[in-house]
Amino acid sequence: MSFYDLSVEAADGTQVPMSDYKGKVVLVVNTATGCGFTPHYKPLEEMYEKYHDQGFEIIDVPCNQFAGQTPGTDDEIHEFCTLNYNTQFPQMKKADVNGETAIELFRYLKEQKGFEGFGKGVKAMAMNTLLKKIDKDYKNNSEIKWNFTKFLIDREGNVVARFEPTADMKKVDESVAALI
């Protein structure tokens, strides 16, 4: 199975095949509207505007599995993002990214790139402390740890990087630019 064999459900209920993104650089991200990392929408939109015409796409999958930080309907989530961050990239249907109900796209992404840590700094320490309470074995499994985990896919469909929400968005931008 490859990235291009998968699909994800759009907010309107239609299936979006990943094969539609062949030849493009893709960033898949699980998002939330009420999270400390929600401001990541701003640099995500900036990257989308900067690189979209060069073959860059973002697949936004809202998820409510982390502290209930995405409680709204798909329409409410879309309205929040467009009003607050002027997002233009497509949002998919709200979905689970972990557990038995995780969508196939995220099961695949986690198999390709496991968790490598939160890095250093205050946010990383805070996430480590939080995750120890939720999952004592969090360092040793590939599950999504929190909102705004990002997976970067190159033009050939290879998952080349996983960025935890604590990753510097400038580093994410640089990684995207290197593939454009």
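In this report, the structure presented in the accompanying data block is examined.

The rules behind these values
Residues numbered from 1 in each chain as written. Predicted model: local features only at pLDDT ≥ 70, side-chain atom pairs only at ≥ 80, totals over all residues. Heavy atoms only, no water. Axes fitted to C-alpha atoms, helices over the stretch in contact; angles between N-to-C directions. Helix = DSSP H or I, 4+ residues; strand = E, 2+ residues; numbered from the N terminus. Parallel < 35°, antiparallel > 145°, perpendicular 65-115°, else oblique. Left-handed = near helix turned anticlockwise from the far one by under 90°. Contact = heavy atoms within 4.5 Å. Nonpolar A, V, L, I, M, F, W, Y, C, P; charged D, E, K, R; others polar. Salt bridge = Lys/Arg side-chain N within 4 Å of Asp/Glu carboxyl O. Buried < 20%, exposed > 50% of the residue type's maximum accessible area, 1.4 Å probe, protein only. Core = buried A, V, L, I, M, F, W, Y, C linked by side-chain atoms within 4.5 Å. Pairing = 2+ DSSP bridges. Right-handed = clockwise from strand over helix to strand, strands pointing away. Phe/Tyr/Trp six-rings, centres within 6.5 Å; stacked < 30°, edge-to-face > 60°.

## Focus: the packing of helix H1 (residues 41-51) against helix H5 (residues 169-179)
Then, in step 1: Relative orientation of the contacting elements H1 and H5 amounts to 20°, with a least axis distance of 10 Å. Overall, the two elements H1 and H5 adopt an arrangement that is roughly parallel. As for the relative orientation of H1 and H5, their crossing is right-handed in sense. When H1 is examined against H5, the residues Pro 43, Leu 44, Met 47, Lys 50 and Tyr 51 are found in contact with a partner set consisting of Met 169, Val 172, Asp 173, Val 176 and Ala 177.
Then, in step 2: When grouped by side-chain class, the residues that make up the contact of H1 with H5 number 8 nonpolar, no polar and 2 charged.

## Digging into the pattern of salt bridges
Then, in step 1: The tally for this structure, following the rule as stated, stands at 6 salt bridges.
Then, in step 2: Residue Lys 24 pairs with Glu 57 through a salt bridge whose shortest N-O separation is 3.5 Å. A residue pair is termed long-range when its members are at least 10 positions apart, and Lys 24 in the loop between strand E2 (15-17) and strand E3 (25-31) and Glu 57 in strand E4 (residues 56-62) qualify at 33 residues.
Then, in step 3: Put simply, Lys 110 and Glu 143 hold a salt bridge, and the shortest N to O gap is 3.3 Å. With Lys 110 in helix H3 (residues 104-112) and Glu 143 in the loop between helix H4 (122-134) and strand E5 (150-153), the pair connects residues that are 33 residues apart, well separated along the chain.
Then, in step 4: Judged by relative accessible area, Glu 143 falls into the partly exposed class, the value being 28%.

## Re the nonpolar core
Then, in step 1: Core analysis: the biggest nonpolar cluster contains 55 residues, and Phe 3, Met 18, Val 28, Leu 44, Met 47, Ile 59 and Leu 109 have the highest contact counts within it.
Then, in step 2: Ignoring sequence-local partners within four residues, the contact set of Leu 44 consists of Leu 27, Val 29, Ile 58, Phe 89, Phe 148, Lys 150 and Met 169.

## Considering the environment of Ile 153
Then, in step 1: Tracing the backbone shows Ile 153 in strand E5.
Then, in step 2: By relative accessible area, which is 0% here, Ile 153 ends up buried.
Then, in step 3: Sequence separation of Ile 153 and Leu 109 is 44 residues, and the distance between their C-alpha atoms is 9.5 Å.
Then, in step 4: If we skip the residues at most four places from it in the chain, Ile 153 touches Phe 3, Lys 24, Val 25, Val 26, Val 28, Leu 109, Asn 158, Val 159 and Leu 179.

## Digging into the pairing of E4
Then, in step 1: For E4, the tally of buried residues reaches 7 of 7 residues, placing the bulk of the element in the interior.
Then, in step 2: Across the two faces of E4 the burial is the same, with Phe 56, Ile 58, Asp 60 and Pro 62 and Glu 57, Ile 59 and Val 61 all buried.
Then, in step 3: Summarising the sheet, E3 and E4 pair through 7 bridges and their orientation is parallel. Each bridged residue has a counterpart across the sheet, and for Thr 31 the counterpart in E4 is Pro 62.
Then, in step 4: With H1 bridging E3 and the parallel E4, this β-α-β connection has right-handed handedness.

## Regarding the packing of aromatic side chains
Then, in step 1: All told, the structure shown has 12 aromatic pairs when counted by the stated rule.
Then, in step 2: Measuring from ring centre to ring centre gives 5.7 Å for Tyr 48 and Phe 89, while their planes differ by 70°; the resulting arrangement is edge-to-face. Of this pair, Tyr 48 sits in helix H1 while Phe 89 sits in the loop between helix H2 (74-85) and H3; the two residues are 41 residues apart in sequence, bridging distant segments of the chain.
Then, in step 3: Tyr 48 gets classed as buried once you look at its relative accessible area, which sits at 8%.
Then, in step 4: By relative accessible area, which is 2% here, Phe 89 ends up buried.

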